[in-house]
Amino acid sequence: MHLCAGCLVAVAAGLSSPLWAIIVMLLALGCAGAELDLFAMGGEKGAYLLFSVLVLVLTLILTTGIRHAVLPLAVFALVFLIGMGVVAIAWARTVWKAQIGDI
C-alpha cells in the first residue's frame, strides 16, 4: 500500500508518468492480493487480470489521445457506467442471497 501511495505521489510531483505508476500499482495490488489469499477461487484471478488489462488500456487511451479529449472521455465514461452496473448487480445478488439464507 505504501508503494501504491508512493506511485501516486510520484505522478503528482511530476517524477513519473501515470502509465508506469498504474502498472506498478496493479502489480503491487496483485501481489498483495495473492499474499492475503484473496484470489482463492479461479474466477477471481481472471477477474483481477481483466480489471488490470482494462485499466491499462483505458490509461493508454487517455494518455495517447490527450489531443482528442472527447473520444477518451466518452470511452472512460462508458466503461465507468458499465463497471458501476456490474458492481450494482453483484451487490444486489449478494443482498438477495443473504436475505434468502444461501450465504
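Predicted model only: the values in this text are computed from it and were never measured.

(A) How the structure looks around the overall build of the protein. Scanning the protein for helices and strands turns up four helices and zero strands. Listed N to C, the secondary structure of the protein is α-α-α-α in terms of helices and strands. Looking at the protein as a whole, 15% of its 103 residues are labelled buried. A separation of at least 24 residues holds for 37% of the contacts in the protein among residues at least 6 apart in sequence. Looking at the protein as shown, the accessible area adds up to about 7900 Å², and 78% of this sits on carbon and sulfur atoms.

(B) Seen up close, a nonpolar patch on the surface. A cluster of nonpolar side chains, Leu49, Val53, Val57 and Ile61, forms an exposed patch at the surface whose accessible area comes to about 320 Å². Structurally, Val53 is set in helix 3 (residues 42-64).

(C) Local environment of the confidence of the model for the protein. This prediction gives the protein a mean pLDDT of 75; 85% of its residues lie at or above 70. By mean pLDDT, the top-scoring element of the protein is helix 4 (residues 70-100) (79), and the lowest-scoring one is helix 1 (residues 2-12) (73).

What counts and what doesn't
Residues numbered from 1 in each chain as written. Predicted model: local features only at pLDDT ≥ 70, side-chain atom pairs only at ≥ 80, totals over all residues. Heavy atoms only, no water. Helix = DSSP H or I, 4+ residues; strand = E, 2+ residues; numbered from the N terminus. Buried < 20%, exposed > 50% of the residue type's maximum accessible area, 1.4 Å probe, protein only. Contact = heavy atoms within 4.5 Å. Areas by Shrake-Rupley, 256 points an atom, 1.4 Å probe, with all protein chains shown as cover. Patch = residues over 30% accessible without salt bridge, like charges linked within 9 Å, V, L, I, M, F, W, Y side chains within 5 Å. Salt bridge = Lys/Arg side-chain N within 4 Å of Asp/Glu carboxyl O. pLDDT = per-residue confidence, 0-100.

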